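Next come the chains, spelled out residue by residue.
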Amino acid sequence: MKKIVLLVSFLALTVPAAYADDFTSKLDLQLLSGTDIPVSGKLAEQYTYGYNIGLGLGYRVTDDLLVSAIYESHNLPSDFHESYYEYSYLVSVNELALQVKYLLPTGPVQPYVFAGAGAAFISANGNYYAYDNWQYHATGFLAEGGVGVNLPVNNQLSIFGQTKLSAVWWDKNLAEDWDVPTLDATLAYMPVQIGVDLHI
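Quantities reported herein were computed from a predicted structural model and do not represent experimental measurements.

Undergrad: It is not clear to me how empty space enclosed by the protein should be interpreted in this structure. Could you clarify?
TA: The gaps left among the atoms become clear once a water-sized probe is rolled over them. With the rule as written, the count across this model stands at 2 cavities of 30 Å³ or more. One number sums up the size of the second largest cavity: a volume of about 30 Å³. Lining of the second largest cavity is provided by Q30, L32, I70, Q99, K101, F160 and Q162. Of the residues belonging to the lining of the second largest cavity, the class tally is 3 nonpolar, 3 polar and 1 charged.

And the structure:
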């Protein structure tokens with residue numbers, strides 16, 4: 001009986017630890033940054049190249065399939081001139097998305113495709129002749145898809161480059177209420193990014 005108790009105690013301690021080690025060994029920490037290219041309508045007409053930074057935590061379902069929770073901050077500035085009026089604007093889109101990435105098993109250099117969806121938190125702020133400051137906030141739905149290339153450095157580190165198309169749908173009435181330069185109810189921009197993937 002004593003041996004059975006000892007065996008059960010041993011299994012209770014070692015089996016969960018083994019599962020925990022197996023789970024954490026499949027986690028990836030992703031850090032990325034890059035530039036944003038405005039694509040849609042008024043965003044492309046009146047805003048210029050921006051910048052982005054991001055952080056993600058992923059789980060490797062298989063060697064070729066990664067599911068991640070990704071946070072990214074995108075910032076697009078604008079200097080708008082009309083007649084004697086001068087405006088300065090900055091549109092920021094903070095993305096929180098669930099993303100699925102599939103790496104093609106082609107060898108040391110791995111092309112990949114990915115897609116995701118989630119929430120977008122939009123803020124726009126600006127000024128009129130540097131003294132009339134304003135700021136607006138809104139929430140929208142995000143969908144994204146893209147391609148990239150992954151280059152493993154060693155068992156713990158990979159570097160990657162990618163581009164994607166991000167589209168955000170938000171309240172059209174609110175979009176129409178915001179001042180010049182106005183924003184469309186659909187915002188589309190193309191991030192071009194590089195990053196590192198740390199295999200925990």
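Undergrad: Please clarify how the layout of surface pockets should be interpreted in this entry.
TA: Each pocket or cavity is described by its volume, and for the largest pocket that value is around 340 Å³. Together, 19 residues line the largest pocket, and D28, R60, D63, Q110 and H199 are the ones closest to its centre.

Undergrad: I keep staring at a nonpolar patch on the surface and nothing clicks. Help me out?
TA: Judged by side-chain polarity, V109, V149, L151, V153 and I159 come together as a nonpolar surface patch covering roughly 380 Å² of accessible area. One can find V153 in the loop between β6 (132-152) and β7 (157-169).

Undergrad: Help me understand the nonpolar core, please; the structure alone is not making it clear to me.
TA: Nonpolar side chains in soluble globular proteins tend to be buried together. Among the nonpolar cores identified, the biggest contains 17 residues, and L43, V91, V93, I122, V168, L183 and L187 are the most heavily contacted of them. Residue assignment for this core shows that the elements contributing at least two residues are β4 (85-103), β5 (110-128), β6 and β8 (186-199). Considering every element that reaches this core, the biggest residue donor is β4, with 4 residues. If sequence neighbours within four positions are ignored, L187 has contacts with S40, L43, I122, S166, A167, V168 and W170.

Undergrad: Which parts of the structure should I look at to understand the environment of V109?
TA: Here V109 shows up in the loop between β4 and β5. A sequence separation of 40 residues divides V109 from V149, and the C-alpha atoms of the two residues are 6.9 Å apart. Those residues in contact with V109, other than ones at most four positions away along the chain, are V149, N150 and L151.

Undergrad: Sorry if this is basic, but what is going on with the confidence of the model for the protein chain here?
TA: A low pLDDT means the predicted coordinates there should not be read in detail. In the predicted model, the protein chain carries a mean pLDDT of 82, and the fraction of residues at 70 or more is 74%. Here residues 3-8 scores under 50 on pLDDT; set against residues more than four positions off or in separate chains, the count is 0 contacts. Across residues 14-21, confidence stays below pLDDT 50; counting only partners more than four residues off in sequence or on other chains, it has 1 contact.

Undergrad: Please explain the packing of aromatic side chains as it appears in this structure.
TA: Centre-to-centre distance and the angle between the planes together describe a pair of aromatic rings. Taken as a whole, this structure holds 2 aromatic pairs when the rule is applied. On the numbers, 6.0 Å between centres and 45 degrees between planes, the contact of Y112 with F114 is tilted. The burial state of Y112 is the same as that of F114; both residues are buried. The side chain of K101 reaches across the aromatic face of Y112, ending 4.4 Å from its centre. For the cation-ring pair, K101 lies above F160, with the distance from its terminal atom to the ring centre recorded as 5.0 Å.

Undergrad: How do you make sense of the pairing of strand β1 (residues 27-38) when you look at a structure like this?
TA: Put simply, side chains in a regular strand alternate between the two faces of the sheet. Bridge count for β1 against strand β2 (residues 50-60) is 10 bridges, and the pairing is antiparallel. Considered in β2, the bridge of T35 is made with Y51.

Undergrad: How should I be thinking about the side chain of S158 in this particular structure?
TA: Topologically, S158 is positioned in strand β7. Residue classification places S158 among the buried residues on the basis of a relative accessible area of 3%. In this structure the side chain of S158 is engaged in a polar contact, spanning 3.1 Å, whose partner is the side chain of H199. Excluding anything up to four places from it in sequence, S158 contacts N150, L151, P152, V153, G195, V196, D197 and H199.

Undergrad: Help me understand the pattern of salt bridges in this model?
TA: Side chains bearing opposite charge may pair, as long as their charged atoms lie close to each other. The tally for this structure, following the rule as stated, stands at 4 salt bridges. Note that E144 and K164 form a salt bridge whose closest N and O atoms lie 2.6 Å from each other. Taken together, the positions of E144 in strand β6 and K164 in strand β7 put the pair 20 residues apart, joining distant regions of the chain. Judged by its relative accessible area of 7%, E144 falls in the buried class. Three or more residues are tied together by salt bridges with common partners; here these are E72, E95, E144 and K164.

What counts and how
- Residues numbered from 1 in each chain as written.
- Predicted model: local features only at pLDDT ≥ 70, side-chain atom pairs only at ≥ 80, totals over all residues.
- Heavy atoms only, no water.
- 1 Å grid on protein atoms, 1.4 Å probe; cavity = no way out; pocket = protein on both sides within 12 Å on 5 of 7 lines; lining within 4 Å.
- Points joined across faces, edges and corners; volume = space filled by probe spheres on them.
- Nonpolar A, V, L, I, M, F, W, Y, C, P; charged D, E, K, R; others polar.
- Patch = residues over 30% accessible without salt bridge, like charges linked within 9 Å, V, L, I, M, F, W, Y side chains within 5 Å.
- Areas by Shrake-Rupley, 256 points an atom, 1.4 Å probe, with all protein chains shown as cover.
- Salt bridge = Lys/Arg side-chain N within 4 Å of Asp/Glu carboxyl O.
- Helix = DSSP H or I, 4+ residues; strand = E, 2+ residues; numbered from the N terminus.
- Core = buried A, V, L, I, M, F, W, Y, C linked by side-chain atoms within 4.5 Å.
- Buried < 20%, exposed > 50% of the residue type's maximum accessible area, 1.4 Å probe, protein only.
- Contact = heavy atoms within 4.5 Å.
- pLDDT = per-residue confidence, 0-100.
- Phe/Tyr/Trp six-rings, centres within 6.5 Å; stacked < 30°, edge-to-face > 60°.
- Lys NZ or Arg CZ within 6 Å of the ring centre and 35° of its normal.
- Pairing = 2+ DSSP bridges.
- Polar contact = N/O pair within 3.5 Å; in protein donor to acceptor, adjacent residues only side chain to side chain.

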